Every structure is written in structure tokens, then in C-alpha cells.
Amino acid sequence: MALLCFILFCWFHIGLLLGGFSFAADPVANFELQFSYITASPLGVPQQVVAVNGKFPGPTLNVTTNNNVVVNVKNKLDESLLITWPGIEMRRSSWQDGVLGTNCPIPSNWNWTYRFQVKDQIGSYHYVPTTHFQRAAGGFGGFVITNRKVIQLPFNTPDGDMVITIGDWYTRNHSALRASLDAGKDLGMPDGVLINGKGPFKYNSSVPDGINHTTLNVDRGQTYRIRVINVGVSTCLNFRIQNHKLLLAEAEGHYTSQQNYSSFDIHVGQSYSFLVTMDQNASSDYYVVASARFINQSEWQRVTGVAILHYSNSRGQASGPLPDAPNDVYDHSFAMNQAMSIRMNNSASGARPNPQGSFHYGSINVTDTYVLRSIPPVMIDGKRRASYNGISFANLDTPVRLADNHKVKGAYKLDFPNMPRSGSPRADRSIINATYKGFAEIILQNNDTVVQSFHMDGYSFFVVGMAYGEWTENNRGSYNRWDAIARSTIQVFPGGWTAILVYLDNVGAWNLRTVNLDRWYLGQETYMRIINPEDHAQKTELPVPDNALFCGELGHLQKPQRSLASSGSTMRQPRKVNWWMVMAFGGVVYMMN
């Protein structure tokens, strides 16, 4: 009996040590991801790309709702690295978010292990690097959270499941693109659009020879769940499959009212699931197209991604012109109407066996309103910078909550303006001091000249309104207060606004940013610091992880990672715990391998 009590005592403290994970209750999904450079030629030109486990794009990580996820990241690049998981809410643990305001970067030839739980989440997501403009070179992959078997899907189980990454692409490497921005230049037109890391099928003579394209193999009569993710730099892409309907079923972890579309705009950072039935006669293959939207130059026609949908009984190659994209040059309402047609399926269960719409967001009183206004980049202190509310964010040397934990003064300021400020823009480390369990209204006012994507880490928010012009309080009367889609990334059209509502119950420091990589790099971001003032026992926020990296004012606390004698590498192996050699004394757990 004494031995049993001792073992139970050990397990209790192991749970605390591992950041509150319930390993005994929920399964653990383990992954090893090595980030390194390889040479690839996605557009027929050899270039350096960021591969994950030697692959470009990286592998899709498949987990199940409530899994505890352990991802050991090995950085074999020649510069520091961080990985973020857009849309994964990281409940109680912004320490795992993977942006500079929450994590110190992983140095070159080091490794770091992310640990988080996909608590009460389902759906289609991805992972991307966040430092040094690396996303423009790759390092991304899909992240799929499958329903538990006890939760019924709101549609028949598909015959197959595919993850498709799309995105604009430059043949210049990421350091050259970064240097262009540092020199005050625009990135210019991309060199192409990739589908699953490959260039366009040679659909006409404008496509050079020697480019490999993606082929999606299907069987006639079957229905596939096709998850499409825009992992590009800054271009919205219209996705379509020749002669096939796209039945929208899910947007970033929430089931939608199912509607058919002939084509669909997917903005940077967004993820969708479509149900596509292979109902054609397969007289030939079919085009899968991702083409640029909201651009004016005729030359952009060559920046088009083309893959092939191949039926197993196909009798010939795809030929002829590509299916048309929406023609809304003279009707700017088309794209906005499509965006607002995405509605929550309130009768479907999500991660839990209750309808998604049981949270009546429309009847909750707003406690705080923030208007985030973006303008075209301007010169600040001799450098071209982008901003929200006249603040161009200067990257933090010491992450927010790490600075709080160690009482570092001056690491950031809690003075971000909740309304656009007058006067000249400035560079600063201003973040939002948000109210824990407040219900916030955030207005995204895009006074820039390009369509932008906005993302909020740690949360899903309700997209309640969208229109052209300047937002005013009168616009609240047009909000959708019943079945607005909940998601983590939303577009804001140039000269327009988007309104979101969000319940701030996830403590930590969470990044708010423009996903367009050039604007983000130039400073268009901030953070929300959300702290429970009554949390004296760290019940609403997990403690600093035992493997935390230190940098900035706390850099002196960082211990070197030990070398591996067998390989000569400076990487540290992930900790392997011998559970039968655990000793606990006075509430402290000692683990011996």
C-alpha cells in the first residue's frame, strides 16, 4: 500500500513538472521535426529552401482532439528559429506559442521541445517559422486535428483526406527578400504560386519546361475532404478545381454551414476544408488552380499555380484554358459577400458533443473596444516601417511573460493605444494591457492599399462584420450576432474594415499581427497581455516550462546545451524519463535516466 501511494505521489508531481499535462488521461503524440536547408527547384530555378525532415513542404502532423502534443524541433539552419502553430489555442500556455514576444528563439544547432495540448479543438491548421523571414523559404506543413470517435462528423465520413498547401513564391532566397525590405524596397511581384511545393503544370507555352507539378490521385464516385492552406507571403489566392464543386465544410477548426462554391478566395494564413465529390466522367484530367487576387497588373497572369486532378480511370491529359477566376473588377462586393457567406454550423458538434452555437456571443456585453488601423509603410527613424495605430512594433529582447516572471523592468510598455493616435508614427514596444475574461470588440481598419490578413494567437474570434469605408459605431447595427464563423485569421480589404468579437479567457501574452509577411516584418503587430490578477497558485496559467530558453536581459541564465559525443552535434536529445526511477521529496520531483 505504501508503494502504491508513493507511485501515485510521483505521478502527481510529474504532471506538475510537465506543465500540467494529463499524460495518464489523454494520449501523447510525439514528433521530431528537423529544420534544414536543401536545394530545390520548385519553379525550375535551383534555390535554397527550408525543409522539414528533408521534405519541402514539411510533413503533416496528425493528432486527435485533446492529445498532448510533444514536438522536438531541431534547428539545423544557420540562424535562430521559432515555430508557431496558427489557430492552435495553447490553452493556459502562451510559453509554447513560438513568436518573439513569448519565446526566446532556438539558436542554430540547438533543439527545443514544444509541449501543448490541443484541448477541445478539431480541424485544419498548419505550422510555420516566424523568425528572419524564413516562412518565405518554406519550413511549413499541415497540422490536422481529427475528431474523437465519440463525436459524429456533420457529414458522411469522406473516402479520403488531402492537405494542400498553396502560396505565392519568390526564387530569391529569404535573406535576399529580407534585405530588400531592410533597404526600403517592396518585394515586388512573386515569381509564381506553388501547390504542395511544386510549380505549375505546363498548361500553355508561358510555363517553362522542366517544372515538376503536383498530381492529386482520386477515384471516380468518391468524396474527399480537401484541406487547403495558404502558406504564402502576401498574396490572396483563388482556389478552384475544373468542373468540380467545392462544398465548404470547415474553417480553421469550426464547422460551417455547408455551401457549394465554384471557386473560393483563400487569404494568407487561412485554412479551409472542402468536400469534393469526384462526379465527372474522367474523359481527361482536370486542372486545380490557385491564382492571385486583388492585383492590377496583367503580368500577374503568369503567377498562377496549376496542379492536376487525376482520376484513376482518366483517359487523357488536361488541356485547354484554365477555369476562370471571379471577375469582380467592377463589382467589389463579390469577395466581401463570399467572405460573409461563411457561417457557423450551429447544429453541429465540434470537439465536444454539444452544438457549436451554444455560446451566445451576440448577447454578451462588450467590455473593451480596440480599433487597429493600418496605413501604408512610412519612414520612421530613417527606416521604412509598417504600423498599427501609429505604433511600429520593435521586437522584444526579452519575451513578455518571461520578463514578468523574472521582474525585468522596461522590457515592454503597457501603453498601446486602443484607438488610432494622431501624430507621426513611432517605433516602440507597446502592447495591450487587456482585461482577463473581458469580452473585446476589435475593429480592423485597413487604410493601406493592399488586402491584409489579420491573426490572433491563442484564440478563435467571431467575425461579425465587414464593409468598405471607415468604421463607425453605427456599423454595430449590421453585426451578425447569431451564426458568425469563429476562426483565428480573417481578411481586411483595403479601404475597409472587419469587426471581430473575442472572449479573453486564455491567459498569457498573445500576438496580434498582420499575416502578410512583409507588413509583419516591418512592424505591424502587437501583443495582448492577459493576466488573471487573482491567480496566486498558477491555476489559470501554466508555469514557465522547465526547458525555457533565456535571452535578452535574462540571457545570462541560459545554460549551454550539451554535445552528443556520438555525432559531434551540439543538439540535446529530448528528455527520456525512466518512470520507474522517480524520487519525490518535499514536493519536488527528481528524475533519473
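Residues numbered from 1 in each chain as written. Predicted model: local features only at pLDDT ≥ 70, side-chain atom pairs only at ≥ 80, totals over all residues. Heavy atoms only, no water.

**Q** Looking at this structure, how should I read the overall build of the protein?
**A** For the protein, the count of helices and strands is 5 helices and 35 strands. Each of the 593 residues in the protein was classed as buried or not, and the buried ones make up 57%. Long-range contacts, defined here as pairs at least 24 residues apart, represent 77% of the contacts in the protein between residues at least 6 apart. Accessible surface, the protein: about 24500 Å² in total, of which carbon and sulfur atoms supply 50%. (Helix = DSSP H or I, 4+ residues; strand = E, 2+ residues; numbered from the N terminus. Buried < 20%, exposed > 50% of the residue type's maximum accessible area, 1.4 Å probe, protein only. Contact = heavy atoms within 4.5 Å. Areas by Shrake-Rupley, 256 points an atom, 1.4 Å probe, with all protein chains shown as cover.)

**Q** Which parts of the structure should I look at to understand the pattern of salt bridges?
**A** Side chains bearing opposite charge may pair, as long as their charged atoms lie close to each other. All chains considered together, the criterion is met by 23 salt bridges. Residue D161 is joined to R227 by a salt bridge in which the shortest nitrogen-to-oxygen separation is 2.9 Å. Of this pair, D161 sits in strand β9 (residues 160-169) while R227 sits in strand β12 (residues 223-230), and the two are 66 residues apart along the sequence. On the basis of relative accessible area, D161 is assigned to the partly exposed category, the value being 44%. Residue classification places R227 among the buried residues on the basis of a relative accessible area of 4%. Measuring nitrogen to oxygen at the nearest pair gives 2.7 Å for the salt bridge that ties D186 to R384. Placement of D186 in the loop between α2 (174-182) and β10 (192-195) and of R384 in strand β22 (residues 383-385) is noted, with a sequence separation of 198 residues between them. Judged by its relative accessible area of 17%, R384 falls in the buried class. Each of R401, D404, R529 and E541 takes part in a single network of salt bridges with overlapping partners. (Salt bridge = Lys/Arg side-chain N within 4 Å of Asp/Glu carboxyl O.)

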